[in-house]
Amino acid sequence: MHRRHLVALAAIAALGTAPAWAQSNEIRIAHIYSKTGPLEAYGKQTQTGFLMGLNYATGGSMAVNGKKLVVIEKDDQGKPDLGKSLLAAAYADDKAALAVGPTSSGVALAMLPVAEEYKKILLVEPAVADSITGDKWNKYIFRTGRNSSQDAISNAVALDKPGVSIATLAQDYAFGRDGVKAFKEAVKKAKIVHEEYLPQNTTDFTAGAQRLIDKLKDLPGRKVIWIVWAGAGNPFKIADLDLKRYGIEIATGGNILPAMASYKQFPGMEGATYYYFGIPKNPVNEALVAAHYKEFKTPPDFFTAGGFSAAMAVVTALKKTGGDTNTNKLISTMEGMSFDTPKGTMTFRKEDHQALQSMYHFKIKADPAFTWGVPELVHEIKASEMDIPIKNKR
């Protein structure tokens, strides 16, 4: 997809409210994400992937059943109150049939009641907190992004062995706390000996790292610090405190390629990831990788795949309804619906609308051809291998 397509789509996005007569041959989709703010890098990738995915899923027509897809973009800046008001404006003023986003779990949690109030679908991508499809869920919420339990259970597959002591390092907000909670629930054989939570904007990790070292250094067996971190700050700086002297390893999940530059100093590090462009082998991933290289001369990243998957879900549902955007019809269509993505087939679970999907157990390789640590596939953890709890009390 050429840059002029992205520009044209952005121009459509900027049109605001269309006249009433235009509504019938348009399907208006609001995409609310962090264009700016601490998670800006993630938001930009999601936006790129979403537009590429719509283009691919519609065969380049940007239309379903003769109805033009119009994307209305809004910047929540990572602020919950702003995300909430933007979603309300999208449904009420922009006449969006459904919405996609946001980037931050905190923003997503603020937006969930708005979807319920307006009785319109919010397809969550990529916010991760379990509570989004858990205790804060309502029937208008679907999620293509993975949840904390999927992250945690897949990472537990890589680390959960007898005789392993694990301390966790996470950000002190919904993403970090839900991630650690899910990880603790998933770990059955190893021991969690300490939980360290630091502010989202932390840049100096010395004090937190010292507490982690003190908890682990005198323990027998394998010792691991498991890191759950998003956005700014580099928690891998804790390696500078000579963890090797105490026999302490670092483990973590996947991340965007710039963040994985710091993984390169940890060859052999294991974890599990949601996506890495070189891992899945399927036609949709091949199309995404080819389109992204053509457009940007770089591979698609972690959240690009997520945006693409969200687009595939939206278009699959609209094709099944013949372009009908009636919310109840969309809900009944999407519950249990399977759709193709760059990660292979995903399925929206009927009970909580969480997309069940593969995760990838990796081991890091330091390859001189890449500036980042390359996650080499150890094992594709299929959805059927993960017992993802249903937490919405439905």
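Quick notes on the rules
Residues numbered from 1 in each chain as written. Predicted model: local features only at pLDDT ≥ 70, side-chain atom pairs only at ≥ 80, totals over all residues. Heavy atoms only, no water. Helix = DSSP H or I, 4+ residues; strand = E, 2+ residues; numbered from the N terminus. Rg over C-alpha atoms; globule rule 2.2 N^0.38 Å. Buried < 20%, exposed > 50% of the residue type's maximum accessible area, 1.4 Å probe, protein only. 1 Å grid on protein atoms, 1.4 Å probe; cavity = no way out; pocket = protein on both sides within 12 Å on 5 of 7 lines; lining within 4 Å. Points joined across faces, edges and corners; volume = space filled by probe spheres on them. pLDDT = per-residue confidence, 0-100. Contact = heavy atoms within 4.5 Å. Pairing = 2+ DSSP bridges. Nonpolar A, V, L, I, M, F, W, Y, C, P; charged D, E, K, R; others polar.

1. With respect to the overall build of the protein
- When helices and strands are counted, the protein shows 11 helices and 16 strands.
- At 21 Å, the protein has a C-alpha radius of gyration in line with the 21 Å of a compact globule built from 394 residues.
- The principal-axis extent of the C-alpha atoms belonging to the protein is close to 70 × 45 × 35 Å.
- Split into buried and exposed, the 394 residues of the protein put 59% on the buried side.

2. Some words on empty space enclosed by the protein
- Throughout the structure, instances matching the rule amount to four cavities of 30 Å³ or more.
- One number sums up the size of the largest cavity: a volume of about 350 Å³.
- What lines the largest cavity is a set of 30 residues, among which R146, D151, F175, W229 and A230 lie closest to the centre.
- Residue assignment for the lining of the largest cavity shows that the elements contributing at least two residues are α6 (148-159), α7 (174-186), β9 (222-228) and α10 (302-320).

3. So, unusual backbone geometry
- A cis amide bond links G101 with the next residue in sequence, P102, at an omega value of -10°.
- In this structure, the amide linkage connecting E125 to the following residue, P126, adopts the cis form with an omega of 5°.
- Notably, N65 is not glycine yet its phi reads approximately 55°, a positive angle.
- Assignment of secondary structure puts N65 in the loop between β2 (63-64) and β3 (67-75).
- A relative accessible area of 62% means that N65 is categorised as exposed.
- The phi dihedral of K119 is positive, around 55°, even though this residue is not glycine.
- Topologically, K119 is positioned in the loop between α5 (105-118) and β5 (121-124).

4. Quick notes on the confidence of the model for the protein
- On average, residues of the protein carry a pLDDT of 93, and 94% of them reach 70 or more.
- Confidence over residues 14-22 falls short of pLDDT 50; this stretch has eight contacts with residues more than four positions distant or in other chains.

5. Quick word on the sheet that holds strand β14 (residues 355-356)
- If you walk across this open sheet you meet the three strands as β12-β13-β14, and the pairing is antiparallel. Of all the strands in the sheet, just β12 (338-341) and β14 have a single pairing partner and so form its edges.

6. Some details on the layout of surface pockets
- Approximately 310 Å³ is the volume attributed to the largest pocket.
- If you go around the largest pocket, you meet 17 residues; those closest to its centre are K244, I248, E249, I250 and F266.
- Here the lining of the largest pocket gets four residues from one element, more than from any other, and that element is strand β10 (residues 248-252).
- In terms of residue class, the lining of the largest pocket is built from nine nonpolar, three polar and five charged.
- Computed from the structure, the second largest pocket encloses a volume of approximately 200 Å³.
- Around the second largest pocket, the lining residues are K44, Q45, T48, L257, P258, H292, F296, T298, P299, D301 and T304.
- Mapped onto the lining of the second largest pocket, the elements with two or more residues apiece are α3 (40-57) and α9 (283-296).
- The greatest single-element share of the lining of the second largest pocket, amounting to three residues, is contributed by α3.

7. Topic: the environment of I29
- Position of I29 among the secondary structure elements: in strand β1 (residues 26-33).
- Through-space distance from the C-alpha of I29 to that of A97 is 6.0 Å; in sequence the pair is 68 residues apart.
- If we skip the residues at most four places from it in the chain, I29 touches F50, L69, V70, V71, I72, L98, V100 and V314.

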